[in-house]
Amino acid sequence: MSLSFPVTANPRVAGDADYDAIMAAPGFGEHFSDHMAVAIWTKDAGWSEGRIQPYGPFLIDPATAVLHYAQEVFEGMKAYRHADDSIWLFRPEANAARLNASAARMMLPAIPAEDFLAAITELVRTDARWVPSGGGEQSLYLRPFMFASEVFLGVRASAHVTFSVIASPVGSYFPSGIEPVDIWVTDKWARAGIGGTGAAKCGGNYAASLIAQYEGYEHGCSQVLFIEAAGKDRIEELGGMNVFLVTSDGRLITPELTGTILEGVTRSSILTVAADLGLRPEERRISPEEFFSLIADGVAVEAFSCGTAAVLTPIGSFRTATDTYTLASPAGERTLAIRDRILDIQYGRVPDVHGWLHRVA
Ligand code: COI
């Protein structure tokens, strides 16, 4: 039976002054809406207890399994307000499928796509005032997540799991907006290996990438690019985003999905939109030698990172311990054309020819 998400209204919603201040400058992931969605899974009863409740802390026992073994997965999505005030999600079924693929890898239960969508729809409808109407790139970032909530210290799959969705009004992920960012290429740290959790959106992958990201900060970079762990012979992805090169003759090159790379929803949308725009997508294995010589030889002239949070962020250079590879046309015309097309679809400014939008309010 499908879950329902009855609403318990928050008696202490944000007041007008706080709300106005937040919506005027939301930042990224700093402020949260008035409510959250929750559902519980147990080994014996399956999913139940769906609800929308006031946003607030979970009461977590110190022995809760997730705190010890990181059995957790999450998603990133956004709700967009269109010019006519309607509110839409972008490819939510892809997020439902990916959450369940991540959950399977981490021995967490699948949540039916209809229940996943019902939780998000009810939360967005309840907190519709938090979906920004400021235009630009503002949206309501949605963070569905699932964690092992059994109170037990043995290492086994949790018999009690909590699913939740929280919502955060956001602007650009990078404070610099669409200014090109510089990317550090780590040769010291790895993100994932074959058979590991690289393709799962689990918190541990992000925790493991932090040390390399901070190495990047020390070199004046905003993000880090990982190279395949064992043979160092394949470009993979950034700490939380996929990566693309654009060549002067219209090729759009991105590493193929190998099981160690996250299957980005924005990544796959870009591959489709780029073909619509007359570019030639190439998803393939790309060695670090080829990747950097394409830039050094002036063949690849643009590069960008992408993800739900970052949308499409132009890259200015890649820096290694010994070299800097600078893109000839950072934030070039093709990068911006793809970016604009994705945003135009998300904000309903062009026809949704691929059927990617899902109306919630
Ligand atoms: C997203 O793009 O939604 C992510 O989850 C990545 C993270 C860097 C915010």
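Bear in mind the structure is a predicted one, so any value in this text is a computation, not a measurement. (Residues numbered from 1 in each chain as written. Predicted model: local features only at pLDDT ≥ 70, side-chain atom pairs only at ≥ 80, totals over all residues. Heavy atoms only, no water.)

Another point: the domain arrangement of the protein chain. Taken domain by domain, the protein chain comprises domain 1 (16-170) and domain 2 (181-346). The gap between the C-alpha centroids of domain 1 and domain 2 is 26 Å. In this complex, domain 1 contributes 20 residues to the contact, which on the side of domain 2 involves 21 residues. Of the roughly 1800 Å² buried where domain 1 meets domain 2, counting both sides, 58% is carbon and sulfur surface. Per-residue buried area on domain 1 facing domain 2 is highest for F74, F90 and R98; these three make up 32% of the total on that side. (Domains from an automatic or database assignment. Contact = heavy atoms within 4.5 Å. Buried area = accessible area lost by both parts, 1.4 Å probe.)

The subject of this paragraph is the pattern of salt bridges. Counted under the stated rule, the structure contains 17 salt bridges. Between E49 and R51 there is a salt bridge, with its nearest N and O atoms 3.6 Å apart. Under the relative-accessibility criterion, R51 is labelled partly exposed at 26%. Among the ionic pairs, R339 bridges to E137, the shortest N-O distance being 2.1 Å. Highlighted residues: R339 in helix α8 (residues 333-346) and E137 in the loop between α4 (113-126) and β6 (139-148), separated in sequence by 202 residues. Salt bridges sharing partners connect three or more residues here, namely D249, R251, R280, E282, R284 and E290. (Salt bridge = Lys/Arg side-chain N within 4 Å of Asp/Glu carboxyl O. Buried < 20%, exposed > 50% of the residue type's maximum accessible area, 1.4 Å probe, protein only. Helix = DSSP H or I, 4+ residues; strand = E, 2+ residues; numbered from the N terminus.)

To continue, consider the site of the ligand. The environment of the ligand is formed by F74, G76, Y141, R143, Y173, K201, G240, G307, T308 and A309. Between the ligand and the protein, one listed contact pairs an oxygen atom with a side-chain N or O atom of K201 at 2.8 Å. A309 is positioned with one of its backbone polar atoms (N or O) 2.8 Å from an oxygen atom of the ligand. Relative to its unbound accessible surface of 280 Å², the ligand loses 90% to contact with the protein. Formed jointly, the shell around the ligand draws a minimum of three residues from each of two domains, domain 1 (16-170) and domain 2 (181-346). (Near = heavy atom within 4 Å. Polar contact = N/O pair within 3.5 Å; in protein donor to acceptor, adjacent residues only side chain to side chain. Areas by Shrake-Rupley, 256 points an atom, 1.4 Å probe, with all protein chains shown as cover.)

As a further point, take the nonpolar core. Counting 38 residues, the largest nonpolar core has W47, L142, M146 and F163 as the members making the most contacts within it. Per-element tally for this core: the top contributor is α4, with five residues. Once you skip the residues sitting within four places of it in the chain, L142 turns out to touch E75, G76, M77, K78, A79, L89, I120, V124, I166 and A167. Core analysis: the second largest hydrophobic core is formed by 24 residues, F174, L238, F291 and A300 among them. (Core = buried A, V, L, I, M, F, W, Y, C linked by side-chain atoms within 4.5 Å.)

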